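Listed below are the residues making up each chain.
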Amino acid sequence: MAGVELPDGTREATPQGVPQGGPLSQLLANIALDPLDKELESRGHKFARYADDFIVLVKSANAAKRVLTSLIRYTEGRLQLIVNRAKSRAAPLKQCAFLGYQIGHKGKLVWTEKVQHRFKEKVREWERSGHRVSGGEPREG
């Protein structure tokens, strides 16, 4: 059974599909969404896509809403794929995250809070297992 991670971080089993995040999942997303890339290119949009995550850059809030509606219609109608509306939105770039990054103060690329928290947890796990960070001694307790 394939599984899916929900926005709240919990996982739910799904009776069909491939495991989320696996190499086959990314390959299939690239194959299935190649027509979407071509559609975005033909419309002259600036965009970035990695597997099934993508961001489209437009100049105004009205254009963003219009493009989002159009892309949902194209993806669900022409490609016969389901769009997760909970994860899809039209918003200013500074409010968007893409692949764990977002635009921070003065246009600096920064980790999202979720990714930064996950990184800190991994470092703490690593330290608890007796590894050293930056050549120092492992911390107590």
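So, here is what we can say about the structure in this document. (Residues numbered from 1 in each chain as written. Predicted model: local features only at pLDDT ≥ 70, side-chain atom pairs only at ≥ 80, totals over all residues. Heavy atoms only, no water.)

Once that is clear, we can look at the overall build of the protein chain. Of the regular secondary structure elements, the protein chain holds three helices and seven strands. Traced from its N-terminal end to its C-terminal end, the protein chain shows the element sequence β-β-α-β-β-α-β-β-β-α. By the burial criterion, 21% of the 141 residues in the protein chain qualify as buried. Taking the contacts inside the protein chain whose residues are at least 6 apart along the sequence as the reference set, 24% of them involve residues at least 24 apart. Total accessible area on the protein chain is roughly 10,900 Å²; 54% of this is exposed by carbon and sulfur atoms. (Helix = DSSP H or I, 4+ residues; strand = E, 2+ residues; numbered from the N terminus. Buried < 20%, exposed > 50% of the residue type's maximum accessible area, 1.4 Å probe, protein only. Contact = heavy atoms within 4.5 Å. Areas by Shrake-Rupley, 256 points an atom, 1.4 Å probe, with all protein chains shown as cover.)

Time to look at the pairing of strand β4 (residues 53–57). Bridge count between strand β3 (residues 46–50) and β4: five bridges; the pairing is antiparallel. Bridging from a neighbouring strand, Lys46 pairs with Leu57 of β4. Between the antiparallel neighbours β3 and β4 lie two residues, among them Ala51 with a positive phi of about 55°. (Pairing = 2+ DSSP bridges.)

Once their charged atoms are close, side chains differing in charge can pair, the charge on each being opposite to the other. For the coordinates displayed, the defined rule picks out five salt bridges. Linking Lys38 and Asp34 is a salt bridge whose minimum nitrogen-to-oxygen distance equals 2.8 Å. Residue Lys38 and its partner Asp34 are located together in helix α1 (residues 23–42), separated by four residues, close to a single helical turn. Taking the relative accessible area as the measure of exposure, Lys38 reaches 49% and is therefore partly exposed. With a relative accessible area of 31%, Asp34 lands in the partly exposed category. (Salt bridge = Lys/Arg side-chain N within 4 Å of Asp/Glu carboxyl O.)

Let's shift gears to the sheet that holds strand β6 (residues 101–103). Read across the open sheet, the three strands follow the order β5-β6-β7; overall the sheet is antiparallel. Whereas interior strands pair on both sides, the edge strands pair on one side only; in this sheet they are β5 (97–98) and β7 (109–111).

When the terminal C-alpha atoms of α1 are compared, their 28 Å separation across 20 residues agrees well with the 28 Å that a helix rising 1.5 Å per residue should span. At Leu33, α1 shows its maximal kink, close to 45°; a proline, Pro35, follows between one and four residues later. Each element contacted by the buried residues of α1 is listed here: β3, β4 and α2 (61–78). Just beyond α1, the residue with positive phi is Gly44, at close to 80°. (Expected span 1.5 Å × (residues − 1). Bend = angle between axes of the 7 residues up to and from the residue.)

On to a nonpolar patch on the surface, then. There is a patch of nonpolar side chains on the surface, built from Tyr50, Leu99, Tyr101, Leu109, Trp111 and Phe119 and spanning about 610 Å² of accessible area. For Leu109, a relative accessible area of 55% corresponds to the exposed category. (Patch = residues over 30% accessible without salt bridge, like charges linked within 9 Å, V, L, I, M, F, W, Y side chains within 5 Å.)

A separate point is the packing of α1 against α2. The relative placement of two packed helices is expressed as an angle between their axes plus a distance between the axes. Packing of α1 against α2 leaves a shortest axis separation of 11 Å and a crossing angle of 145°. When you trace α1 past α2, the crossing you get is right-handed. Contacts from Pro35, Leu36, Glu39 and Leu40 of α1 reach α2 at Leu71, Tyr74 and Thr75. For the contact of α1 with α2, a count of residues per class yields five nonpolar, one polar and one charged. (Axes fitted to C-alpha atoms, helices over the stretch in contact; angles between N-to-C directions. Left-handed = near helix turned anticlockwise from the far one by under 90°. Nonpolar A, V, L, I, M, F, W, Y, C, P; charged D, E, K, R; others polar.)

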